[in-house]
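Structural overview for review
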Amino acid sequence: MRVLVIGSGAREHALCVALNDDPAVSALACAPGNAGTRAIAEPAAVDVADPAAVAALATGWGADLVVIGPEVPLVAGAADAVRDAGIACFGPSAEAAQLEGSKSFAKHVMTAAGVPTARSWPVGGPAELETALDEAGAPFVVKDDGLAAGKGVVVTTDRDAAVAHGRRVLDAGGAVLVEEYLDGPEVSLFAVTDGTTVLPLVPVQDHKRRDDGDGGPNTGGMGAYAPLPWAPPGLVDEVLATVLQPTVDEMARRGEPFSGLLYAGLALTSRGVRVVEFNARFGDPETQVVLPLLETPLAGLLQAAATGTLAEHPPLRWRSGAAVTVVVAAPGYPEKPRTGDPVTGADAEGVLHAGTTVDADGTVRSSGGRVLAVTAVGEDLAAARRRAYERVAGVWLADAHWRTDIALAAVEGRIGLPTPQ
Ligand code: AMP
Ligand code: GLY
């Protein structure tokens, strides 16, 4: 099978590593890719936001399966264009990707499917913003309704800051959603689906804030770990029954079947499990810890989802142990990352490239806010964490920053579930 991966982050590097391990894969390409994917996958230039260009590349390269990593090409219709060209594609249609592309669309689907989520107030203008904040109460949650790479949300007890964020989005011509605040720890649960059958993967926790102790602004994600020793038993079955399957069924009922990766961002609140958001693709950095634990060959699994044959796929197999990934970010990330700096030590084991390019002379340089996702597995979470940080010490980027507490609260048994109300 010839497999083409679309994207250029550490998620795509992790996908390439897992696909490269699948004996069914005879050739692998990653477009545009990065300095890390080049070692195992052919690079190719492509504008990922241009569906026709993605389909033309897939046809020209002779792909049997295209795996689309990021949300931007999905929302633009890249999966539709690839399928129209007669090639199997792992990723939802543009319409189904609205589960991620529009938070208000996702809310409509959840309401129709009876999926538990935060109460929300769509806001059309400044006056409505004030009313919505009064009704929702503090802490305030104010969201940009469109794609914002995890950075469009402000959660604050400061009403002025909440108003300022809402106004900024409205002034830029965007739509705003005010939400009820959800307490309790967050979990990312991914499911592979062909639009009918739903196979959940292992629950993961991301660390979204920039700084240790969950301080600083929201980012795309600063690190992740799996499995979650503190998660309640039965969590995956419960989320499958109350969130994932009903959502997939509702999308099919609407005539907009969702196939690909359904990502449920969950909060385990005092009132039970609630959906914070849906994404229409593998999470980044969560994928970097899920895939090293998956024993089932990845290409066969994604192909079964892409071709509607997931019901016949054997049950997923998982390795014992745990995985941790630590994101090494450029100075200035997330606000204004500095790029173009040399990166060294990035060809070591477990170092996934997130935002890198390579010069003609072979120098690896930073090209994005998140530069590396340094990953390790171990027999337990403590061992995986130790090894991941040993590996972080072996890479170098001037003025880089990373969190030093990825998976720490879980290792120390400090994550508690809120008392049920
Ligand atoms: P989103 O882009 O919707 O995933 O939001 C990004 C992050 O903001 C989430 O991962 C949460 O940490 C936080 N967040 C979003 N919605 C809520 C909410 N209703 N209550 C509390 N925190 C939230
Ligand atoms: N880790 C958050 C995301 O992929 O959106």
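Here the structure is a predicted model, which is why all the values come from computation and not from measurement.

**Focus: the site of ligand 2**
With respect to spatial proximity, the complete set of residues near ligand 2 consists of D206, K208, G220, Y263, N279, R281, G283, D284, P285 and E286. A distance of 2.8 Å separates a nitrogen atom of ligand 2 from a polar atom in the side chain of D206. In isolation ligand 2 offers 190 Å² of accessible surface; the protein chains occlude 91% of this area. When its residues are assigned to classes, the shell around ligand 2 shows 2 nonpolar, 3 polar and 5 charged.

**Overview of the sheet that holds strand β7 (residues 140-144)**
The strand order across the open sheet formed by 4 strands is β6-β9-β7-β8, and the pairing between neighbours is antiparallel. Bordering the open sheet on either side are β6 (120-123) and β8 (153-156), each of which pairs with just one other strand. Each adjacent strand pair in this sheet contributes to an overall mean axis angle of 20 degrees, direction not counted. Here β7 pairs with β8 via 4 bridges, running antiparallel. Residue V141 lies in a different strand from β8, and its bridge partner there is V155. Across the sheet, helix α8 (residues 159-171) is in contact with β6, β7, β8 and β9 (176-179); its angle to β7 comes to roughly 10 degrees.

**Remarks on the pattern of salt bridges**
Inspection of every chain in the model, using the stated rule, returns 21 salt bridges. The residue R210 makes a salt bridge to E335 at a minimum N-O spacing of 3.9 Å. One end of the pair, R210, is in strand β13 (residues 209-211); the other, E335, is in the loop between β18 (322-329) and β19 (343-344), with 125 residues separating them in the sequence. For E335, a relative accessible area of 55% puts it in the exposed group.

**Remarks on the side chain of E71**
In this fold, E71 is placed in helix α3 (residues 71-76). We classify E71 as buried; its relative accessible area is 13%. In this structure the side chain of E71 is engaged in a polar contact, spanning 3.2 Å, whose partner is the side chain of R281.

**Here we look at the confidence of the model for the protein chain**
Taken over all residues, the pLDDT of the protein chain has a mean of 96, while the share at 70 or more is 99%. Least confident of the elements in the protein chain is β8, whose mean pLDDT is 90; most confident is strand β4 (residues 65-68), at 99.

**Quick look at the site of ligand 1**
For ligand 1, the set of nearby residues contains 14 residues, the closest of which are K143, E180, L182, E186 and E277. One of the backbone nitrogen or oxygen atoms of L182 is found 2.8 Å away from a nitrogen atom of ligand 1. Separating an oxygen atom of ligand 1 from a side-chain N or O atom of E186 is a distance of 2.4 Å. Surface burial for ligand 1 is 92%, taken as the share of its 470 Å² of free accessible area covered by protein chains. Listing elements by their share of the shell around ligand 1, those giving two or more residues are β7, β8 and β17 (272-279). Tallied by class, residues from the shell around ligand 1 come to 6 nonpolar, 1 polar and 7 charged.

Scoring rules and cut-offs
- Residues numbered from 1 in each chain as written.
- Chains lettered and ligands numbered in written order.
- Predicted model: local features only at pLDDT ≥ 70, side-chain atom pairs only at ≥ 80, totals over all residues.
- Heavy atoms only, no water.
- Near = heavy atom within 4 Å.
- Polar contact = N/O pair within 3.5 Å; in protein donor to acceptor, adjacent residues only side chain to side chain.
- Areas by Shrake-Rupley, 256 points an atom, 1.4 Å probe, with all protein chains shown as cover.
- Nonpolar A, V, L, I, M, F, W, Y, C, P; charged D, E, K, R; others polar.
- Pairing = 2+ DSSP bridges.
- Helix = DSSP H or I, 4+ residues; strand = E, 2+ residues; numbered from the N terminus.
- Axes fitted to C-alpha atoms, helices over the stretch in contact; angles between N-to-C directions.
- Contact = heavy atoms within 4.5 Å.
- Salt bridge = Lys/Arg side-chain N within 4 Å of Asp/Glu carboxyl O.
- Buried < 20%, exposed > 50% of the residue type's maximum accessible area, 1.4 Å probe, protein only.
- pLDDT = per-residue confidence, 0-100.

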